[in-house]
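Report on the structure
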Amino acid sequence: MDRPSTVSLVLGSGGARGYAHIGVLDWLGENGYAVRSIAGSSMGALIGGIYATGKLHLYTEWVSALERLDVLRLLDPSFARTGFIKGDRIMGVLRDLIGDCDIRDLSIAYTAVATDLDTGKEVWLREGKLFDAIRASISTPLVFTPSQHNGRRLLDGALVNPIPIAPTLNDTTDLTIAVDLNGRAEALVDPPVLPEDAGSDYRRRIGRFIEGLFPNSGAPVAPTLGTSEVVFASMEAMQATIARLKLAAYSPDVTIEVPRNACAYHEFWRAKELIALGRERTARAFARTPG
């Protein structure tokens, strides 16, 4: 069958919903599409970078086995004012699992997008150590401390470009595919397959962890909202707005949309169901695409 086969893949930000990128990559590989270029922000940079090493299967096996308490154990508190997680522990685990390498040695073109804290400008990371670039791109404000990278203080790429299509514009591939993790909310998204008390206990524990690392600066915004919930909700609202603008401006050939209520930002124990969702949404997007 005559169809485009080479792909520039744009992987968006969205916290734990980023596991859906694994399902996207699985579906593309199984259906004859060869990824030649990846640009990603935040979790998109992480999944895309690991894919480019050829070791995504190792990462997939690891995250698929994570339990809620395993996620908590990966958090290393920082008592600096710039963020409450240092990120050294999780990056150390990933380096041990995957092995670090230079971006220029990857088999496909790769761009991690970050934000310069001092200038507010978008930064494209295309050289240097892979996990240094990933650490910069995932530096969610207040959650992770800023990354020190070549003399610059860098934050999450999602602040300025949650779905970075621009780095792929000069590619000579057949298709540009963008994965938007901030899609429209859907009422039919399946809840996690967990006993209710277990999920509630996880949310309480991670909430207490986060709240305990923030100084109390005054009355809460609303009785039912904690600092962490306000931070995550604000970030996701901003990302969704910017993502819509980027998609309208650049119009990729295929857009794969994952509902923003598929899971919460921090639910990193839900890998299996989100991978399955990514696969299903990729098949759905291509079924709507002519040719």
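Below is a short write-up of the structure. (Residues numbered from 1 in each chain as written. Predicted model: local features only at pLDDT ≥ 70, side-chain atom pairs only at ≥ 80, totals over all residues. Heavy atoms only, no water.)

With respect to the nonpolar core
Formed by 68 residues in total, the largest nonpolar core has its most connected members in Leu9, Tyr19, Leu28, Leu46, Tyr59, Tyr110 and Ile177. In this structure, Tyr19 is in contact with Met43, Tyr59, Val63, Leu66, Phe268, Arg270, Ala271, Leu274 and Ile275, ignoring residues within four places of it in sequence. By size, the runner-up hydrophobic cluster in this structure holds six residues, among which are Ile163, Ile165, Ala178 and Ala243. (Core = buried A, V, L, I, M, F, W, Y, C linked by side-chain atoms within 4.5 Å. Buried < 20%, exposed > 50% of the residue type's maximum accessible area, 1.4 Å probe, protein only. Contact = heavy atoms within 4.5 Å.)

Re the packing of helix α1 (residues 20-30) against helix α9 (residues 271-287)
Look at α1 against α9: their axes get within 6 Å of each other, and the N-to-C directions meet at 50°. Looking at the two axes, α1 sits oblique to α9. Crossing angle aside, the handedness with which α1 passes α9 is right-handed. On α9, the residues touching Ala20, Ile22, Gly23, Val24, Asp26, Trp27, Leu28 and Glu30 of α1 are Leu274, Ile275, Gly278, Arg279, Thr282, Ala283 and Phe286. In terms of residue class, the contact of α1 with α9 is made up of nine nonpolar, three polar and three charged. (Axes fitted to C-alpha atoms, helices over the stretch in contact; angles between N-to-C directions. Helix = DSSP H or I, 4+ residues; strand = E, 2+ residues; numbered from the N terminus. Parallel < 35°, antiparallel > 145°, perpendicular 65-115°, else oblique. Left-handed = near helix turned anticlockwise from the far one by under 90°. Nonpolar A, V, L, I, M, F, W, Y, C, P; charged D, E, K, R; others polar.)

So, the packing of aromatic side chains
One pass over the full model with this rule turns up five aromatic pairs. Plain terms: the ring middles of Tyr59 and Trp62 are 6.0 Å apart, the flat faces sit at 55° to each other, and that makes the pair tilted. Residue Tyr59 and its partner Trp62 are located together in helix α3 (residues 56-64), separated by three residues, close to a single helical turn. Stacked on the ring of Trp269, the Lys or Arg Arg68 has its end atom at 5.8 Å from the ring centre. (Phe/Tyr/Trp six-rings, centres within 6.5 Å; stacked < 30°, edge-to-face > 60°. Lys NZ or Arg CZ within 6 Å of the ring centre and 35° of its normal.)

Function-wise, these values are silent; they only describe arrangement.
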